[in-house]
Each structure stands twice: as structure tokens, then as C-alpha cells.
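Structural overview
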Amino acid sequence: MSASFATSASTTNGRDIWNWNPHPRFALFNKVYGGRACAVRRRDLISKGLVVASSVSALSSTISMDNAQGMERLPFKPEGYNFWTWRGHKIHYVEQGSGRPIVLIHGFGASAFHWRYNIPELAKSYKVYAIDLLGFGWSEKALVEYDATVWRDQIADFLKEIVKEPAVLIGNSLGGFTALFTAAELPEEILGVALLNSAGQFGDPARKTNDDDQETIVQNFLVKPLKEVFQRIVLGVLFWQAKQPARVESVLKSVYINTANVDDYLVESITKPTGDPNAGEVYYRLMTRFMMNQTKYTLDGVLSKLSCPLLLLWGDRDPWVGPAKANRIKEFYPKSSIVNLQAGHCPHDEVPDLVNRALIDWLSSLELEAGLQTPVIA
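Along each chain, the written sequence defines residue order, and numbers are assigned to residues from 1. For this predicted model, a pLDDT threshold of at least 70 governs which residues receive local features, and a threshold of 80 or more governs which side-chain atom pairs are given and counted, while totals over whole chains, interfaces and linings are taken from all residues. No hydrogens and no water enter the side-chain calculation; it runs on all heavy atoms of the structure.

Starting at the N terminus, helices and strands are each numbered in turn, a helix being any DSSP run of H or I of at least four residues and a strand any DSSP run of E of at least two. Scanning the chain from N- to C-terminus turns up 12 helices and 10 strands. Burial classification: accessible surface area is computed with a 1.4 Å probe over protein chains only, and a residue below 20% of its type maximum counts as buried, one above 50% as exposed, and the rest as partly exposed. When the 378 residues of the chain are sorted by exposure, 57% land in the buried category. Working note: accessible area of the chain is about 15300 Å², and carbon and sulfur atoms make up 52% of it. Only the protein chains shown count as cover for residues, with accessible areas throughout obtained via the Shrake-Rupley method and a probe of 1.4 Å.

Dropping the structure here:
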């Protein structure tokens, strides 16, 4: 694994997994493809969040870390579940249950199958959708210019065309930031947002933006082409290495504190999409264009436009996105509550029983606040 292209996040200074880091151990993004107001205004739910947090804390002392054993699991279907055409692209999603809708959004390199232990349980009380973002999982490996707005628009249109009523968004890592971004732009359609070790970074006032107009002829016609050739060669090698099952398993075990759920199901759900003919090019575009341009959309910028209740479900032992980020989000956006879990970057799959219980408690509190109003999206 090339150190120059490895990624990580610090648990001590609040940096997140979208920042480059020279340590090869934290190669998250090489595990696939190489890894206004709300619809119904509510009172502050911080006090309720504290109750949820305390109840989950008590549960964690009696429930085994290996709590996925015996839990109902979403059957793995190599062909996928449901498909929706969005802007000419095939989008995969899972749909189960009935009731108020919730939409689950996976992280970088994952898919709807990463919610395998959450979908069946949540579907007992809610209408659950789990969607694959464009370029990931069973969704099309479209050759587009990937940007945070692409996934925001995808989720927004999914809500309008498939869900068709206000919903709660729940996201892990990249999916967390996508959920926030969507909620900030569509306040009338989002009832609440839950983040599990979310990606995204706070803005740095001292950072200077590059002025493309100041680039020289040499930069445009010599340096850039050579840089692109070098990047393609290196990322091509990394793509081949990182999509190997053994490599995927190794990376997963570095971010799951309890590795019992790092199994063949999970590994295959990550490696199978890499067989798509366009997977390598999508990986290249994600790594060179999306991953290297994360200062345009920041957490503080998005949170400043948010007004829905926010739940932070955080795996405190995440080597990439530690609890410092959750604390900073809460400081910036007081209308949020935190549930701390002894887990890594993907608590929904590592300690799904605890996550499911915390989500159900929080979702119940939202229903108490919102009443029975269910306005339909036009």
C-alpha cells in the first residue's frame, strides 16, 4: 500500500477520514475500488437524548460485544434487491417494513448490505429504505464528476420519487455527511438526522483557496498532465491491491474493535462491486477529484442551515473519526444528542443491537414531538 495515498483521521485533533495522511495503516478509501425548519418544528430534544444515552450506556454493560449472533440478518442477494433509474443511472436500494420512513445511507466503499443487521429490526416498526450511492455498491458505476452535491441530489430525488413523504435520514461516514447535506437543503422533507461516525470536516479560516486563474502555462500544460499520468499509475496499482478479499478483510479488522462480524458476507458485499468494468475509473475519479476537494462543503457550513433534531451515534474507538468530532458537532449544533458506544468506525454493523435500540428510542421521541402529521411531498 502506497503511503502517499493512504487516508486516516485523528482521534485527538478532530480531523476526519477525508484528509490525506501518510500512515498506511488507515487506508479506508483503498478498501474498495482499490475501499429552515423541519416539516414539523420541534422543541430541543437534548434532554431526551440524554435519556437515550444513559439507557444505552446501561445496556452496554449487559450485552455482549458479539451481539450480532442470533440477530436477524438481511439476506445477501448477489443480484441486488430493487432498482430505480435516476438521471439515466441505475440505483440500487432495499425496501422493507411499513410505517414512517427512514433512509439508511452507507459509507465510502460500502453498500446497502452494510445495514444487514439494522434493516430487519428497524423494519418491524418503520418503513426502511437502504440506498446505494451512485458509484458504490450495486448502483451504477457512472463516469461522472463526483461531488458531494451528486449524492445530495440523489437522496433528495429518492425522497421525492420513491419515499414520497418526509423521512428520517441515517448515515455512516460519507453517508452521514450526505444525510446532513440533504437535510440542510430540504428542511421540509427531513424529520431528523442520525449520524454514525460521520465524515466531513469543519472549515479552516486560515486555509487559502487556490486561484485557478493564477496557474501558469507550465502548470496547465506540463505539470498537470504528468501528475495525472502518475496518479493513474499509482491508483491503478492500489485499486488492484485493495480489492483483493484478504486486503479488504485486513482493513475492516483495523476499524472493527470486535472483528466477529468481519465475515464472508461483509467482504463479498464490498469486493463484488469492484468487478464492474468502470470500477477502476470511478475509483480514480473519487480519489483525485472528490477526495482532494473537501473544503468546499464543510460541517459548519451545513450545520448552520440545519434545524432538524440530530442524533450522534458514535463509536468512540474509531481510529479515523474519534469522539472529539462528535463533541465539536454538538457544541456547534446544540440541538443534538450523543450516544457513545465502545465500537469502531462502523458501530451499526459491529454493535448492531445497541445501535438499533438507540435508534428506536430516538425515533420514538421524534414521533412524540411530530405527532401524526405526515404531509406528502409534492
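To continue, consider the pattern of salt bridges. Salt bridges are defined by distance alone: a side-chain nitrogen of Lys or Arg within 4 Å of a carboxyl oxygen of Asp or Glu. According to the stated counting rule, one finds 12 salt bridges in the structure shown. A salt bridge links Arg-87 to Asp-153; the shortest N-O distance between them is 3.5 Å. On the criterion of sequence distance, the pair formed by Arg-87 in the loop between β3 (82–86) and β4 (89–96) and Asp-153 in helix α3 (residues 148–163) is long-range, its members being 66 residues apart. Judged by relative accessible area, which is 54%, Arg-87 ranks as exposed. The shortest N-O distance in the salt bridge between Asp-263 and Arg-116 comes to 2.9 Å. Of this pair, Asp-263 sits in the loop between α6 (245–255) and α7 (264–271) while Arg-116 sits in the loop between β5 (101–105) and α2 (119–122), and the two are 147 residues apart along the sequence. Among the ionic contacts, a cluster of salt bridges with common partners joins Arg-73, Arg-116, Asp-263 and Asp-349.

What follows covers the packing of α6 against α7. Inter-axis angles, ranging from 0 to 180 degrees, are taken between N-to-C directions of lines fitted to C-alpha atoms, where helices are fitted over the stretch in contact. Packing of α6 against α7 brings their axes to within 10 Å, and their N-to-C directions diverge by 115 degrees. Classed by the angle they form, the pair α6 and α7 counts as roughly perpendicular. The handedness of the crossing between α6 and α7 is right-handed. For the pair α6 and α7, the contacting residues are Pro-245, Val-248, Glu-249 and Leu-252 in the first and Leu-266, Val-267, Ile-270 and Thr-271 in the second. Side-chain classes follow a simple rule in which Ala, Val, Leu, Ile, Met, Phe, Trp, Tyr, Cys and Pro form the nonpolar group, Asp, Glu, Lys and Arg form the charged group, and the remainder, Gly included, forms the polar group. Of the residues that constitute the contact of α6 with α7, the class distribution is six nonpolar, one polar and one charged. Throughout this description, any angle smaller than 35 degrees is read as roughly parallel, any larger than 145 degrees as roughly antiparallel, any in the 65 to 115 degree range as roughly perpendicular, and the remainder as oblique. Crossings are classed by handedness, with left-handed meaning an anticlockwise turn of the near helix from the far one by less than a right angle and right-handed meaning a clockwise turn. Residue contacts are counted whenever heavy atoms from the two residues lie within 4.5 Å of one another.

Our focus in this paragraph is the nonpolar core. Ranked by size, the top nonpolar core spans 63 residues in total, and within it Val-103, Ile-131, Trp-151, Leu-180, Leu-303, Leu-310 and Ile-329 carry the most contacts. Among residues more than four places away in sequence, those in contact with Ile-329 are Leu-195, Phe-202, Leu-299, Leu-303, Leu-310, Leu-312 and Trp-314. Grouping buried Ala, Val, Leu, Ile, Met, Phe, Trp, Tyr and Cys residues that are joined through side-chain atoms within 4.5 Å yields what is termed a nonpolar core.

Among the six residues in strand β9 (residues 310–315), six count as buried, and that is most of the element. Going residue by residue along β9, you find Leu-310, Leu-312 and Trp-314 tucked away on one face and Leu-311, Leu-313 and Gly-315 tucked away on the opposite face as well. Whether two strands pair depends on DSSP finding at least two bridges between them. Taken together, the six bridges between β9 and strand β10 (residues 336–341) define a ladder with parallel strand orientation. When the sheet's bridge partners are listed, Leu-310 is paired in β10 with Ser-336.

Moving on, we come to the packing of aromatic side chains. Both the distance between ring centres and the angle between the ring planes are used here to describe each pair of aromatic rings. Pairing of aromatic rings covers Phe, Tyr and the six-membered ring of Trp, with a centre-to-centre limit of 6.5 Å; geometry is then stacked below 30 degrees between planes, edge-to-face above 60, and tilted otherwise. Inspection of every chain in the model, using the stated rule, returns 16 aromatic pairs. Residues Phe-76 and Tyr-265 carry aromatic rings whose centres are separated by 5.3 Å and whose planes lie at 65 degrees to one another, so their mutual orientation is edge-to-face. Here Phe-76 is found in the loop between α1 (46–60) and β3, whereas its partner Tyr-265 is found in helix α7, with 189 residues between them in sequence. One exposure class covers both Phe-76 and Tyr-265, and it is buried. Each residue in the set Phe-76, Tyr-81, Phe-113, Trp-138 and Tyr-265 is aromatic and connected to the rest through ring pairs, giving one cluster.

Among the five residues in strand β6 (residues 127–131), four count as buried, and that is most of the element. For β4 and β6, the ladder comprises four bridges, and the chain directions are antiparallel. Pairing of Glu-95 across the sheet is with Tyr-129, part of β6. Pairing between β5 and β6: five bridges, direction parallel. Its bridge partner lying in β6, Leu-104 is registered against Ala-130.

The strand order across the open sheet formed by eight strands is β3-β4-β6-β5-β7-β8-β9-β10, and the pairing between neighbours is mixed. Edge strands, defined here as strands with exactly one partner in the open sheet, are β3 and β10. Across the sheet, the axes of successive neighbouring strands diverge by a mean angle of 25 degrees, strand direction being ignored. Note: strand β7 (residues 167–172) against strand β8 (residues 190–196), six bridges, orientation parallel.

At a minimum axis distance of 9 Å, the contact between α3 and helix α4 (residues 174–185) shows a crossing angle of 65 degrees. The pairing of α3 with α4 is recorded here as roughly perpendicular in orientation. Here α3 and α4 pass one another in a crossing that is right-handed. Taken together, the residues of α4 that come into contact with α3 (itself represented by Ala-148, Thr-149, Trp-151, Arg-152, Ile-155, Ala-156 and Leu-159) are Leu-174, Phe-177, Thr-178, Phe-181, Thr-182 and Glu-185. The residue inventory of the contact of α3 with α4, partitioned by class, reads eight nonpolar, three polar and two charged.

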